[in-house]
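# Report on the structure
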Amino acid sequence: MCGIVGYIGTQAASGILLEGLRKLEYRGYDSAGIATIWEGKIQRVRAKGKLHNLQSKLIGQEMPGQVGIGHTRWATHGKPEEHNAHPHADMAQRVAVVQNGIIENYRELREELKQLGYEFVTETDTEVIPNLVAECLNQMQRSGESEQYYSPFTEAVRRVVNRLDGAFAIVFLCVDYPDEIVVARQQAPLVLGFGQGEFFCASDIPAILPYTRAIVPLENGEMATLTPLGIEIYTFAGNRLKKHPHLLASTSLTMEKQGFKHFMLKEIYEQPSVVRTGLEAYINRHWTSESTSNPISLGLPPEIYTDLEQIQIVACGTSWHASLIGKYLLEQLAQVPSQVHYASEFRYAPPPLTASTLIVGVTQSGETADTLSAITMEKQRRANQSAPFRPRLLGITNRMQSSLTRLMDCAIDIHAGIEIGVAATKTFTAQLVAFYCLAIDLAYRRHTLSPTQLEQLIQQLWQLPAQIESILETQERQIEELAHEFAETQDFIFIGRGINYPIALEGALKLKEISYIHAEGYPAGEMKHGPIALLDAKVPVVAIAMPGSVYEKVLSNAQEAKARDARLIGVTPINDAHAAEIFDDLLPVPNVEEWLSPLLTVIPLQFLAYHIAARRGLDVDQPRNLAKSVTVE
Ligand code: AGP
């Protein structure tokens, strides 16, 4: 996690760095800091907590310099205190660095430096890095070494990054080389931006987008030197690389709340348009059972489909929940055996290799370290195998310029637009749309649904944006009032079955991550095998009970909870008299086919979590201990 940014050019660096950090704050907000070089010295200002603390500290304080680096932190090593905040400097204050990642061998490196007389003032893994560069520069100076192709500073960084184990992106400053920034990437994102006489680097594109659309993403094992004259890129082995910047399409990137109290609320309200955009991108809405072409056009290469026998999906968090629904659709609509894995577990216990398997990586950010590592491992595992075992890799992501898309053979863009709230909402529904499209695409190719069934499904899908709109328009006030009754509640249980079981998991995750209330999602039928012991009058139970194959069963399970005094809240179809008798409170949604119901049933649960957290006065968009993009394993 952590967001890093660097600037070199002719403008005052500090303002550009702060604005860049504002765009990167979703990556961590335990502390923030910037450093510039001015009058031969490193100027460093850091503050514990969110970026506004750093901004307040800078009021009335001069921070000159046209070269600088900035950091917003998600703490890994060392408490979120000011002394552990980046940028970190070497003992002599000559070199400053910001880092995103983890240096796994920092203990050995620190011991080595201590033997040489270096002293450390933080508990971070990062502090070894500027000291190693300083030591390397000293050694090069003592031995009279000079580099012909690049500066001693770049050479010192090159030698140091070759000694670091782990995943990292680092930006370096050195007072002896005030016209240079050096950067290095190993399994953590870093993009370079090319302006007119000014150059940028950052963990993510939005930080540099106000200044340039010409970018080069660095790859693993690559480093670069930025000067006011341009950027040179090298491998860690020191070989120069020729890379041409590509121009990003000019899309509007709205990062404002637009009148909503929180980004999360705005993003909940964006869902009708996000779902519509996804459908428009991939489904022919005029398709009928008479049509002779595929209703879906995902633009994937034919090899993805050839002799497909199995799908393995890897993901984390909310993307994992979307994938569980994806598995349901792929198996039930297209009859493709599918498995969903937590990416963080897959790497250490991969399933036995199966032939003709499609690996699907699902990550809205495209930068989740666990997901990227799992896919990298699987790609390597399959690379040397014979034909049916070779890797075929499909990504589902909201960031087509991410590390994920560079790793995969192809990707489906979920077109959700940037999501700022740490709790995923619109990207979840957008991922579901991608899975519906993939499942229908496969069902058409494998003839597992009749043309009439396909036509009905497509027509019903197109009604969903308006149905989501109707929930947003009619339900928020009522859910807000209900939420106020739960501001002091300590535990919640969410239950669902079949395709709505993952919605129970997602409802529980939304509640716990932003309200800090303990919540569990269970398959409704599993409650009686143990968790029902948790129930009493103090533990509300939210049941998702939509008509279809499991409706009666879920209602029975809900009644079993009621018999234990639990207060029952039902996500049920509008005007369902039977449900009205059973539940204490109703969160009604339009009555749709069971297949499609997750796209509706999740909406009241997002509102419920949001309003409980808001009522508790919590920071909904930046909940404690979390970050939007989890780039450490
Ligand atoms: C969701 O609300 C989360 N904050 C989190 O679980 C997230 O879904 C997870 O970290 C995966 O992120 P990704 O989709 O960017 O890979």
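Residues numbered from 1 in each chain as written. Predicted model: local features only at pLDDT ≥ 70, side-chain atom pairs only at ≥ 80, totals over all residues. Heavy atoms only, no water.

Contact geometry of helix H13 (residues 451-484) with helix H17 (residues 598-615) gives a least axis separation of 9 Å together with a crossing angle of 30°. Taken together, the axis directions place H13 and H17 in an arrangement best described as roughly parallel. Relative to H17, the crossing made by H13 is right-handed. Mapping the contact onto sequence places Leu-464, Gln-467, Ile-468, Ile-471, Leu-472, Glu-476, Ile-479, Glu-480, Leu-482, Ala-483 and His-484 in H13 and Leu-599, Leu-600, Ile-603, Pro-604, Phe-607, Leu-608, His-611, Ile-612 and Arg-615 in H17. (Axes fitted to C-alpha atoms, helices over the stretch in contact; angles between N-to-C directions. Helix = DSSP H or I, 4+ residues; strand = E, 2+ residues; numbered from the N terminus. Parallel < 35°, antiparallel > 145°, perpendicular 65-115°, else oblique. Left-handed = near helix turned anticlockwise from the far one by under 90°. Contact = heavy atoms within 4.5 Å.)

So, about the site of the ligand. Near the ligand, the surroundings consist of 14 residues, among which Ser-319, Thr-363, Ser-365, Thr-368 and Glu-513 are the closest. Within the side chain of Lys-510, an N or O atom sits 3.0 Å from an oxygen atom of the ligand. One of the side-chain N or O atoms of Glu-513 is found 2.4 Å from an oxygen atom in the ligand. Notes on the ligand: free accessible area 410 Å², of which the protein chains cover 91%. Counting only elements with at least two residues in the shell around the ligand, the list comes to helix H8 (317-334) and helix H14 (501-515). Ranked by the residues each element gives to the shell around the ligand, the list is headed by H8, at 3 residues. The class makeup of the residues in the shell around the ligand is 5 nonpolar, 7 polar and 2 charged. (Near = heavy atom within 4 Å. Polar contact = N/O pair within 3.5 Å; in protein donor to acceptor, adjacent residues only side chain to side chain. Areas by Shrake-Rupley, 256 points an atom, 1.4 Å probe, with all protein chains shown as cover. Nonpolar A, V, L, I, M, F, W, Y, C, P; charged D, E, K, R; others polar.)

If you check helix H12 (residues 426-446), its first and last C-alpha atoms are 30 Å apart, about what 21 residues at 1.5 Å a residue would give, namely 30 Å. In the segment just after H12, His-447 is the residue with positive phi, at about 55°. (Expected span 1.5 Å × (residues − 1).)

This next bit is on the packing of aromatic side chains. What the rule picks out here adds up to 13 aromatic pairs. A ring pair is formed by Phe-153 and Tyr-177, whose centres lie 5.8 Å apart and whose planes are at 15°; its orientation type is stacked. With Phe-153 in helix H5 (residues 152-161) and Tyr-177 in the loop between strand E7 (166-174) and strand E8 (181-186), the pair connects residues that are 24 residues apart, well separated along the chain. Note on Phe-153: relative accessible area 0%, which makes it buried. Put simply, the rings of Tyr-7, Phe-200 and Tyr-211 pair up and form one aromatic cluster. Positioned above the aromatic ring of Tyr-29 is the side chain of Lys-50, whose terminal nitrogen or guanidinium carbon lies 5.1 Å from the ring centre. The ring of Tyr-305 carries the charged tip of Arg-445 above its face, separated from the ring centre by 3.5 Å. (Phe/Tyr/Trp six-rings, centres within 6.5 Å; stacked < 30°, edge-to-face > 60°. Buried < 20%, exposed > 50% of the residue type's maximum accessible area, 1.4 Å probe, protein only. Lys NZ or Arg CZ within 6 Å of the ring centre and 35° of its normal.)

It is worth spelling out the pattern of salt bridges at this point. Going through the model one piece at a time under the given rule, you end up with 28 salt bridges. Here Lys-50 ties to Asp-619 by a salt bridge, and the two come within 2.1 Å at their closest N and O atoms. Remark: Asp-619 occurs in the segment after H17 and Lys-50 occurs in the loop between strand E3 (41-48) and helix H2 (51-58); sequence separation between them is 569 residues. A salt bridge links Glu-155 to Arg-158; its shortest N-O distance comes to 2.9 Å. Here Glu-155 and its partner Arg-158 are both found in helix H5, 3 residues apart, which amounts to about one turn of the helix. Residue classification places Glu-155 among the buried residues on the basis of a relative accessible area of 3%. (Salt bridge = Lys/Arg side-chain N within 4 Å of Asp/Glu carboxyl O.)

Attention now goes to the environment of Phe-199. By secondary structure assignment, the location of Phe-199 is in strand E10 (residues 199-202). For the pair Phe-199 and Ile-325, spaced 126 residues apart in sequence, the C-alpha separation works out to 43 Å.

Strand order in this open sheet of 5 strands is E17-E16-E18-E19-E20, and the pairing throughout is parallel. Here the strands that pair on one side only, and so sit at the sheet edges, are strand E17 (338-342) and strand E20 (410-413). Here the strands of the sheet are splayed against their neighbours by 20° on average, with no regard to which way each runs. Here strand E16 (residues 310-315) runs beside strand E18 (residues 357-363); their pairing, made up of 6 bridges, is parallel. Bridge pairing in E18 places Val-314 opposite Gly-361. (Pairing = 2+ DSSP bridges.)

Here we come to the sheet that holds strand E4 (residues 67-73). An order of E3-E2-E4-E1-E10-E9-E11-E15 is seen for the 8 strands of this open sheet, with the pairing classed as antiparallel. Only two strands of the sheet have a single partner each, and these edge strands are E3 and strand E15 (246-247). The sheet contact formed by strand E11 (residues 214-217) and E15 spans 2 bridges and is antiparallel. Across the sheet, the residue bridging to Ile-215 is His-246, located in E15.

Turning to the packing of helix H7 (residues 271-282) against H12, a few remarks are in order. Running from N to C, H7 and H12 point in directions that differ by 25°, and their axes come no closer than 9 Å. With respect to each other, H7 and H12 are oriented roughly parallel. Crossing hand, H7 versus H12: right-handed. Of the residues in H12, those in contact with Gln-271, Val-274, Val-275, Gly-278, Leu-279 and Tyr-282 of H7 are Lys-426, Thr-429, Ala-430, Val-433 and Cys-437.

Looking now at the state of the cysteines. Within the structure shown, the criterion is met by 0 disulfides. Cys-201 forms no disulfide, and the closest cysteine sulfur to it belongs to Cys-2, at a distance of 15 Å. As a non-bridged cysteine, Cys-316 has Cys-2 as the owner of its nearest cysteine sulfur, 17 Å distant. The class for Cys-316 is partly exposed, based on a relative accessible area of 22%. (Disulfide = S-S within 2.5 Å.)

Regular strands place side chains that alternate from one sheet face to the opposite one. Bridging between strand E21 (residues 491-496) and strand E22 (residues 518-523) involves 6 bridges; their strand directions are parallel. For Gly-496, the partnering residue across the bridge sits in E22 and is Pro-523. In this fold, E21 hands off to H14, which returns the chain to E22; that crossover is right-handed. (Right-handed = clockwise from strand over helix to strand, strands pointing away.)

What follows is about the nonpolar core. Counting 97 residues, the largest nonpolar core has Leu-298, Leu-300, Ile-311, Leu-442, Phe-492 and Phe-494 as the members making the most contacts within it. Broken down by element, the residue count for this core peaks at 13 residues, all from H12. In this view, Leu-300 contacts Tyr-305, Leu-394, Cys-410, Ala-411, Ile-412 and Leu-438; residues no more than four positions away in its chain are not counted. The next biggest cluster of nonpolar side chains, apart from the first, holds 32 residues, and it includes Ile-103, Leu-137, Val-160 and Ile-170. (Core = buried A, V, L, I, M, F, W, Y, C linked by side-chain atoms within 4.5 Å.)

Looking now at the environment of Phe-200. Mapping Phe-200 onto the fold places it in strand E10. With residues up to four places along the chain from it excluded, the contact list for Phe-200 reads Gly-6, Tyr-7, Ile-16, Val-191, Leu-192, Gly-193, Gly-195, Ile-208, Tyr-211, Thr-212 and Leu-226.

Let us now look at unusual backbone geometry. Backbone torsion omega between His-86 and Pro-87 reads -5°, so that peptide bond is classified as cis. Locating Pro-87 in the fold gives a position in the loop between E4 and strand E5 (88-89). Positioned with a positive phi, Gln-258 is a non-glycine residue whose angle comes to about 50°. Inspection of the secondary structure assignment puts Gln-258 in the loop between E15 and helix H6 (263-269). For Gln-258, a relative accessible area of 53% puts it in the exposed group.

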